[in-house]
Structures are given as C-alpha cells and as structure tokens.
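# Examining the three-dimensional arrangement
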Amino acid sequence: MSSGPSRVFLARLAGIAVFDPAGDQVGRVRDVVVALWSGAGRPRVLGLVVDVPPRRAVFLPITRVTTFDSKAVIFDGRLNMRRFSQRPAETLAIAEMLDRHVRGPDGEEYVVIDVGMEPVRGREWRITKVAVKRLARARRAGGVGRRRAETLILDWDEIHGLHVAAEQQGAVGLINAFEKLKPADLASVIHELSPKRRGEVAAALDDERLADILEELPEDDQVEILGKLDADRAADVLEVMSPDDAADLLGELPPEQRERLLALMEPEEAAPVRRLLSYADDTAGGLMTTEPVILQPDATVAEALAQIRNPDLNPALAAQVYVCRPPTETPTGRYLGTVHFQRLLRDPPSTMIGAIVDPALSPLRPSMSLHTVAGHLATYNLVSAAVVDEDGHMLGAVTIDDVLDHVLPEDWRDAVLDDGEPAGSTEFDSEAESLRGGR
C-alpha cells in the first residue's frame, strides 16, 4: 500500500511535482482518472494524468505510486510515455467532478468542491469521501434570511447525482485547483477538455487570465471559446490581449463578426488592432506588436532598466528599449535607434539613453516579407527588431516568437498540446491496460 496519508483529497494534487525513486522530477499532476461506473460501490481510482516535458500528458497507474504527501508524489520509476487518451468509462476527477451539483442525504443541493480517496486493500484506492458546499437558499417570502454556505465532508454513498451527466456545471473548483499553473500549462489542460467544459471554464475565468490562456491555445480552440462568449465579454477579453494576438484571433473570424467585436472594443484599444489587421499576415507589419518599450532620448539608463524589469513584459521585448522622439505611443515620433539591455548594464544609471543608441542597425519596413524578417533577426542575432515607416515613425516591433509562430507549421500548437508518442515509448503496458480494463 502507498505510504503517506490514509486519505488524499484530489484537488490538492493538481500541479504537485511527481518524482522517481532517485529524486528526479519527471512532471506534475494534471488530474486523477476514476472509473465512475453507474453500478453500486465506490469508484475505483485508476491512476494519475501527469504532464511531462514537453507538455505531454501520460498515464501513471495508481499501483505504481509509492508515496503521496502535500508537496510531492513519488512513483516506482516505471512510466510509459505514450500519450494519455481518456476512455468513455473514465472520469477526470478534477476537470469533471469538481463544481458538480449533487443531492445530499437530507435532499439538499450541494456543489462538489473536492473528492477524497482512500486505500482499501493492497495498492487499490477508491473514492470514499466528497467535500461539498451547501448552496445558499434564497430569501423566502416569510422573511427567513439567506442561509450561509456550509462546507461538509460526506460519504460517497450519501451523494446522489455524480453518475448523471451534468447539463450545466461551474468551474470555480477546477480553476482554483490549477491557480498556480502558468497560462501555457493551463491552456494544455483546457485543450484536453470537452467543448462544453471548455466553455464553462472560459465563462468562469476572469478576463486577464482568459486572455493569457487564449494566446497559448490553437486557433481552433480560440475561435470556439470566443464564439461561446457574449459579444460584450468577448470584446473585453480582446482588449486585454496584446494587440498582435488579438489581431491574429480576429483575423480568423468572419468579417461581420470581426467588425462587430471591434466596434464593441474601446476605440483606443481597437485602433492598434485595426492597424495590424491592415497588413498581410506574412509581413513585418502583420507580425509586429504595437507595445514595445519605447522611451525618449532624455530618459536615463536607470529609467530604461526599470521599464524592462516589468515581470509582465515578454522576455523578447525586455531585451531592448527603442528610442524615439515624442510621442512614444505607436506610431511614434522619429525613430532614433535601439539600446540593448547589455549596453544598459554597462553604462552608469544617470546616462541618457539617447547617447548610447545603436544607430547602425537598420529597422524593418512594414512591407518586408516573413523570410526577410527572419533573415534579418538571424543575421544580427536579434530577438526583436523595430518596424519603421517611410517617414521614420516607429510602428511596432517584431519579436522572435512572432516569427516562429509563422515559420512553424500552422498546427504547431496542436502538435505541442497533442504531442505524439516519442520513439521507443509505444510498448504495451500490461499493468496499465489491465487496470484500465484493456484496450
């Protein structure tokens, strides 16, 4: 039997590191696979879904886990790297059971906030407990006040409704379970959900978090999720996205829908997106972001370093500052040159950046092709380059990640999120297949 606590609540496993016996981390827990059959008896826990680099979800049988604790899961070292694929008889405890509405033994309606498993014999684990929150009652005509939400831990046998498909389900519990995941990792989780569940999660996310996640999803998922939001909410999310990502997403929509959303956006947020949409996708103008770090020539090195320390700034954009005459919002006044962060580190903090620009590096023109842009970055070992019009006004900057987005195959995000089987990893795993009921 696995060592550690005798009862484990599954939502607390989300994102926990998974280690082999040598102490090397192999990945992190994404979810727990449960056989939620409609027959009698407590559901059997089949195993864990583990995210391993590079963003591949694999199945770890529960029988191979040796230790559960609050900070780590340790297994026996045997892990088949074949990509996990959920089967019809299986349920993902975190993604699909949390936030479900159920009935308790008193007939009251509750929402599931966690489920607990316990070892029953040998290395077998079963779902035995359900943590629920009683839904507050509305105020009645007789003047009885609203009942305060109450949290309880009930036996599995006392709960009714988890075997029935949910018509509507919240997502607060799922979002809380994955609160610490980076947007790219949470995007991987959301990509694997059913379209219905993706819509529920998107509805529950705040605008900034949803915008960050949309930027990491394949285009098909982006369009699907945006289409399930009401128009006002969709416009709010697009406003939070970086203008280049918002333009890429809007470019995938029918013209009527695109114009409707642009009209709902705040004019100052929609303006740079409209400018980007005016350029072809495979040109410097279509690739660029309109929000690089731009400073006036009388700004100091200390001010420039403060700007690029912003933790929310894309690392490629934080590698340099662009020096322009006012205004410093794109399109700017006259472009003067670029100062790379290494030069900023070498000069005294009081130095004016106008005195240390690199004027020899030619900027890009918005009409330049993707091939030319890629060659320019490669030739000069750059991670970003300014885009300037014929009158010398800076329009934006192209970063290396923008170029890679277009150089890689169109479905590269799907390939990463749906990462196939690596060589040598497709051998039949008899123990895992037996636990999951065969192929």
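Preceding block: the structure.
Parameters at a glance
- Residues numbered from 1 in each chain as written.
- Predicted model: local features only at pLDDT ≥ 70, side-chain atom pairs only at ≥ 80, totals over all residues.
- Heavy atoms only, no water.
- Phe/Tyr/Trp six-rings, centres within 6.5 Å; stacked < 30°, edge-to-face > 60°.
- Helix = DSSP H or I, 4+ residues; strand = E, 2+ residues; numbered from the N terminus.
- Buried < 20%, exposed > 50% of the residue type's maximum accessible area, 1.4 Å probe, protein only.
- Contact = heavy atoms within 4.5 Å.
- Polar contact = N/O pair within 3.5 Å; in protein donor to acceptor, adjacent residues only side chain to side chain.
- Core = buried A, V, L, I, M, F, W, Y, C linked by side-chain atoms within 4.5 Å.
- Patch = residues over 30% accessible without salt bridge, like charges linked within 9 Å, V, L, I, M, F, W, Y side chains within 5 Å.
- Areas by Shrake-Rupley, 256 points an atom, 1.4 Å probe, with all protein chains shown as cover.
- Salt bridge = Lys/Arg side-chain N within 4 Å of Asp/Glu carboxyl O.
- Lys, Arg positive; Asp, Glu negative; His and termini not counted.
- Charge placed at Lys NZ, Arg CZ, Asp CG, Glu CD.
- Pairing = 2+ DSSP bridges.
- Right-handed = clockwise from strand over helix to strand, strands pointing away.

## Considering the packing of aromatic side chains
Counted according to the given criterion, the structure contains two aromatic pairs. Pairing F59 with F84 gives two aromatic rings, centres 6.3 Å apart and planes at 20 degrees, and the pair type is stacked. Placement of the pair is F59 in strand β5 (residues 56-61) and F84 in the loop between β7 (72-75) and β8 (90-92), with a sequence separation of 25 residues. The same class applies to F59 as to F84, namely buried.

## Let's talk about the environment of L370
Inspection of the secondary structure assignment puts L370 in helix α14 (residues 370-379). Under the relative-accessibility criterion, L370 is labelled buried at 16%. For the pair L370 and L287, spaced 83 residues apart in sequence, the C-alpha to C-alpha distance is 8.1 Å.

## Details of helix α8 (residues 243-250)
Burial analysis of α8 places seven of its eight residues in the buried class, the great majority of the element. For α8, every residue scored as buried is listed here: P243, D244, D245, A246, A247, L249 and L250. Of the surrounding secondary structure, the elements contacted by the buried residues of α8 are α6 (219-228), α7 (231-240), α9 (255-264), α10 (267-277) and α15 (400-407).

## Overview of helix α5 (residues 207-214)
Of the positions making up α5, those classed as buried are R209, L210, A211, I213 and L214. Put simply, D206 is the residue that caps the front of α5, since its side-chain oxygen is 3.1 Å from the backbone nitrogen of E208.

## Concerning the nonpolar core
Membership of the largest hydrophobic core comes to 100 residues, with the highest contact counts inside it found for L13, L48, F68 and M117. No other element matches the six residues that strand β4 (residues 44-52) contributes to this core. Not counting chain neighbours up to four residues away, the residues in contact with L13 comprise V8, V29, V32, L48, F68, V73 and M117. Counting residues in hydrophobic clusters, the runner-up holds 25 residues, among them I294, L313, L344 and I353.

## Quick look at the environment of H340
Relative to the elements of secondary structure, H340 occurs in strand β15 (residues 335-340). When the C-alpha positions of H340 and L382 are compared, they lie 9.8 Å apart, and in sequence the two are 42 residues distant. When sequence neighbours within four positions are dropped, the list of residues in contact with H340 reads A319, Q320, L361 and L382.

## A closer look at a negative patch on the surface
Taken together, the side chains of D230, D232, D236, E266, E268, E269, E291 and E329 define an acidic patch exposed on the protein surface. For the negative patch, the elements supplying multiple residues, two or more each, are α7 and α10. The residue E329 is located in the loop between β14 (320-324) and β15 in this model. A relative accessible area of 62% places E329 in the exposed class.

## Looking at the pairing of β14
Every regular strand shows the same layout, with side chains that alternate between the two sheet faces. Taken across its five residues, β14 has five buried, putting it largely inside the fold. Burial along β14 is two-sided: the residues Q320, Y322 and C324 and V321 and V323 are all buried. Bridge count between strand β13 (residues 294-295) and β14: two bridges; the pairing is parallel. Considered in β14, the bridge of L295 is made with V323. Read as a crossover between parallel neighbours, the route from β13 over helix α12 (residues 301-308) to β14 is right-handed. One ladder, built from five bridges, connects β14 with β15; its direction is antiparallel. Residue pairing across strands places V321 opposite V339, the latter belonging to β15.

## So, the pattern of salt bridges
Counted under the stated rule, the structure contains 17 salt bridges. Between D51 and R30 there is a salt bridge, with its nearest N and O atoms 2.7 Å apart. One end of the pair, D51, is in strand β4; the other, R30, is in strand β3 (residues 25-35), and 21 residues separate them in sequence. Take D51 and R30: they sit in the same class, and that class is buried.

## Structural notes on the pairing of strand β16 (residues 384-388)
Within β16, five of the five residues are buried, which leaves it mostly tucked inside the rest of the structure. Bridging between β16 and strand β17 (residues 394-399) involves five bridges; their strand directions are antiparallel. Residue pairing for β17: A386 is matched across the bridge by A397. Counting the residues that bridge the hairpin from β16 to β17 gives five residues, and of these G392 lies at a positive phi of roughly 85 degrees.

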